Amino acid sequence: DVKVTQSSRYLVKRTGEKVFLECVQDMDHENMFWYRQDPGLGLRLIYFSYDVKMKEKGDIPEGYSVSREKKERFSLILESASTNQTSMYLCASRNNYEQYFGPGTRLTVT
Amino acid sequence: RKEVEQDPGPFNVPEGATVAFNCTYSNSASQSFFWYRQDCRKEPKLLMSVYSSGNEDGRFTAQLNRASQYISLLIRDSKLSDSATYLCVVNRGNFNKFYFGSGTKLNVKP
């Protein structure tokens, strides 16, 4: 069974803080993704990675960066959190066409 | 214009009913199509892929109409456990960029 875990289910941060969201998958998948999910907007791709140290911007990369130092781990970094980054963040890894999602991190920036 | 559009619902149906959702996509270059299911406060999970000839999985039938650029999902004999949000997902052939609709909420009532 594929397992994707995320470091926190709920997180509250202040405006301007640096925020790290961690994601780990245990199935040796090469491709990993970070999305945010907002009501009425669906899931939107922030960044994806197709190999260690390789990354590509998704549709809404502004204000975010990522790191993939090991195959199983993909981190999302908010350099300076802002209130408009309050959202549900979902990590996924992909095997062929199927994406497997983590449970999500609900981030609130105050 | 959104890449993928869905009626947000909610669709409120009694147990045993047949219910259908549609989803339209804007890019004619789209090649792969999927339905994901997302339970309340949970992560999305793949329900089924959608093939050109249409496909069935138990009580679920998916259809694709390329000419009109829409995908449908039919659920027969609805169960209480079918209550969830159903996400339409489209891919243009690069399996690193998936476009998600904002979902259609289904409530099946006793």
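Just above sits the structure.
This text gives an overview of the structure that appears in the document. In this text the structure is predicted, and so the values were computed from the model without any measurement.

Reading the values: rules and limits
- Residues numbered from 1 in each chain as written.
- Chains lettered and ligands numbered in written order.
- Predicted model: local features only at pLDDT ≥ 70, side-chain atom pairs only at ≥ 80, totals over all residues.
- Heavy atoms only, no water.
- Disulfide = S-S within 2.5 Å.
- Helix = DSSP H or I, 4+ residues; strand = E, 2+ residues; numbered from the N terminus.
- Buried < 20%, exposed > 50% of the residue type's maximum accessible area, 1.4 Å probe, protein only.
- Pairing = 2+ DSSP bridges.
- Axes fitted to C-alpha atoms, helices over the stretch in contact; angles between N-to-C directions.
- Contact = heavy atoms within 4.5 Å.
- Buried area = accessible area lost by both parts, 1.4 Å probe.
- Salt bridge = Lys/Arg side-chain N within 4 Å of Asp/Glu carboxyl O.
- Nonpolar A, V, L, I, M, F, W, Y, C, P; charged D, E, K, R; others polar.

### Things to note about the state of the cysteines
On inspection of all chains with the given rule, the structure shows two disulfides over all chains. Each sulfur in the disulfide pair Cys23(A) and Cys91(A) lies 1.8 Å from the other. Its S-S torsion of about -75 degrees marks the bond between Cys23(A) and Cys91(A) as left-handed, since a negative value means left-handed. Of the two residues, Cys23(A) sits in strand S3 (residues 19-25) while Cys91(A) sits in strand S9 (residues 87-95), which places them 68 residues apart along the sequence. On the basis of relative accessibility, which here comes to 0%, the residue Cys23(A) falls in the buried class. With a sulfur-sulfur separation of 1.9 Å, Cys23(B) is cross-linked through a disulfide to Cys88(B). Residues Cys23(B) and Cys88(B) are joined through a disulfide that is left-handed, its torsion about the S-S bond being -70 degrees. In this pair, Cys23(B) sits in strand S3 (residues 19-25) while Cys88(B) sits in strand S9 (residues 84-91), placing the two residues 65 residues apart along the sequence. Neither Cys23(B) nor Cys88(B) differs from the other in exposure class; each is buried.

### Here's the deal with the sheet that holds S3(B)
Residue and element names in this part refer to chain B. Taken in spatial order, the five strands make up an open sheet running S1-S3-S8-S7-S6, and their pairing is antiparallel. Of all the strands in the sheet, just strand S1 (4-6) and strand S6 (55-57) have a single pairing partner and so form its edges. Taking the axes of each pair of neighbouring strands and ignoring which way they run, one obtains an average angle of 20 degrees across the sheet. As judged from the six bridges shared by S3 and strand S8 (residues 70-75), these two strands associate in the antiparallel manner. By the bridge assignment for S8, Thr 24 is matched with Tyr 70.

### Some words on the interface of chain B and chain A
The interface of chain B with chain A comprises 19 residues on the first partner and 23 residues on the second. Taken together, both faces of the contact between chain B and chain A bury some 1700 Å²; the carbon and sulfur share is 54%. Contact with chain A buries surface across chain B, with Asn96(B), Phe98(B) and Phe100(B) losing the most and accounting together for 32% of the total. Along the contact surface separating chain B from chain A lie one salt bridge. Taking the shortest distance from any N to any O, the salt bridge between Asp59(A) and Lys97(B) comes out at 2.9 Å. At the level of elements, strand S4 (32-38), strand S5 (44-50) and strand S10 (98-100) of chain B are the ones that each hand at least two residues to the side of chain B that touches chain A. Tallied by class, the residues present in the side of chain B that touches chain A amount to 10 nonpolar, five polar and four charged.

### Notes on the environment of Tyr99(B)
With respect to the helices and strands, Tyr99(B) occurs in strand S10. Spatially, the C-alpha atoms of Tyr99(B) and Ala29(B) are 13 Å apart, while their sequence positions differ by 70 residues. Here Tyr99(B) is in contact with Asp59(A), Glu3(B), Val4(B), Cys88(B), Val89(B), Val90(B) and Arg92(B), once residues within four sequence places are set aside.

### A word on the pairing of strand S10 (residues 98-101) of chain A
Side-chain positions along a regular strand alternate between the two faces of the sheet. All names here are of chain A. Burial along S10 is one-sided: the face carrying Gln 99 and Phe 101 is buried and the face carrying Glu 98 and Tyr 100 is not. Note that S9 and S10 share four bridges and pair antiparallel. Note that in S10 the partner of Ser 93 across the bridge is Tyr 100. Hairpin connection of S9 to S10: two residues between the antiparallel strands, including Asn 96 at a positive phi of 55 degrees.

### So, the sheet that holds strand S8 (residues 73-78) of chain A
All names here are of chain A. With antiparallel pairing, the four strands of this open sheet are ordered in space as S1-S3-S8-S7. Where the open sheet ends on each side, the last strands, each with one partner, are strand S1 (4-6) and strand S7 (64-70). Geometrically, the sheet is characterised by an average inter-axis angle of 20 degrees between neighbouring strands, direction not taken into account. As paired elements, S1 and S3 share three bridges and run antiparallel to each other. Each bridged residue has a counterpart across the sheet, and for Gln 6 the counterpart in S3 is Cys 23.

This is a description of form; function is not addressed.
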